[in-house]
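Each chain, written out:
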Amino acid sequence: MELQTLVTLTTGVTLLTCVLAVTGLHFYAQGRAQRQALVDRLSASGQTPVAGRRRNFTGLDRRLRRTKAGRNLELRLAATGLDVTPGEFFVCMLATVAGLWLVGQATLAPFFGPLAGLLGIWVALQFLNWQRQKRIERFINQLPELARILANATQAGLALRTAIGMAAEELEAPAGEELGKVAAQLAVGASMDDALGELAERLPSRELVVLVTTLVLSNRAGGQVVSALRNLTETLEERKETRREVRTQLSQVNMTSYAVPVLGVGSLFLMNGVKDGALERMTGSGFGQAAVIIAFSLYAVGFVLIRRMSRIDV
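Asker: Help me understand the pattern of salt bridges in this model?
Answerer: Opposite charge on two side chains permits them to pair, given that their charged atoms come into close proximity. This structure, assessed with the given rule, holds ten salt bridges. Here R148 and E145 are joined by a salt bridge, their closest N and O atoms 2.7 Å apart. Of this pair, R148 and E145 both sit in helix α5 (residues 112-155), three residues apart, roughly one helical turn. Using a relative accessible area of 29% as the deciding quantity, one classes R148 as partly exposed. By sharing partners, the salt bridges in this structure join R135, E177, E178, K181 and R202 into a single network.

Asker: Got a minute to help me understand the environment of T154 in this structure?
Answerer: Here T154 lies in helix α5. For T154, a relative accessible area of 15% gives the class buried. In this structure, the C-alpha to C-alpha distance between T154 and V226, residues 72 residues apart in sequence, is 6.4 Å. Polar contacts involving the side chain of T154 include one to the main-chain carbonyl oxygen of A151, which spans 3.0 Å.

Asker: How should helix α6 (residues 160-170) be read in this particular structure?
Answerer: Side chains of residues three or four places apart in an α-helix project in the same direction, reflecting 3.6 residues per turn. Buried residues of α6: L160, A163, I164, A167 and A168, and no others. For α6, the angular spread of the buried residues around the axis is 140°, confining them to a single face. Across α6 from its buried face, at more than 90 degrees, point the exposed residues E169 and E170.

Asker: Looking at this model, I keep getting lost on a nonpolar patch on the surface. Mind explaining?
Answerer: A cluster of nonpolar side chains, F27, F127 and W130, forms an exposed patch at the surface whose accessible area comes to about 310 Å². Inspection of the secondary structure puts W130 in helix α5.

Rules used in this analysis
- Residues numbered from 1 in each chain as written.
- Predicted model: local features only at pLDDT ≥ 70, side-chain atom pairs only at ≥ 80, totals over all residues.
- Heavy atoms only, no water.
- Salt bridge = Lys/Arg side-chain N within 4 Å of Asp/Glu carboxyl O.
- Helix = DSSP H or I, 4+ residues; strand = E, 2+ residues; numbered from the N terminus.
- Buried < 20%, exposed > 50% of the residue type's maximum accessible area, 1.4 Å probe, protein only.
- Polar contact = N/O pair within 3.5 Å; in protein donor to acceptor, adjacent residues only side chain to side chain.
- Arc of directions from axis to C-beta.
- Patch = residues over 30% accessible without salt bridge, like charges linked within 9 Å, V, L, I, M, F, W, Y side chains within 5 Å.
- Areas by Shrake-Rupley, 256 points an atom, 1.4 Å probe, with all protein chains shown as cover.

Purely geometric stuff here, so don't read any function into it on its own.
See the structure below:
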């Protein structure tokens, strides 16, 4: 029994190590690609396009894109800005689920294997939400500079379409990438309303909605774009500082929301460490399994409630 447990634990740790190694190699390759792109931009002779990286799991990726869940996953990945295909993300998620399943089954009890696997799926989806929210925050921080560039360009007599293309070249990611998509849509004949509307859908935020509304109304009615953008720049700067203060004040509450479930999981390891096999005997009956499920549900409810109570829309 101990040998089987050791083999299962070793297999789970090996799978997790492989997942971390693949993730590390991916970020290393992505960093090298970004560095090469920057070198090509700064080089006077860098006119040759940079070849994209080789995609993995192309067959699985094609099958996923035919399903509704695969298309939703593709939209989520596009919103995060990660250079990962749905097939690659799905394989990494399956490997993480399998590794956590084996680790939970070997270190705690067989009953905790499926629960650890479900935790892996939740962690993968939360990772996507975290990346998307981080990208939105970075874009919001660039909005004052974006509004300033658009105001200067329109004041110099440039059309709004040309000003958006110029801002896409001057700003860094993610604003530069998103405005590049808008400029590409405008170049193929899309209307200003549709292109900016899709931008607001990809990165939803109140600040971006205000900027998009200002640009659309000014472009449609022919109003004073420069004065409106100047006033909007000052407002965005003030909201940026307010958001930073609110985020600083709520940092402790956010850490508490994550500490609550971590303490619950840690108590399981402590209980099993004090008396070996206690969790396996406890989950051997239906009442014990129901108690564990109820406890995990209460921890999840506590996490959600703390997050909801600490959410302040500025």
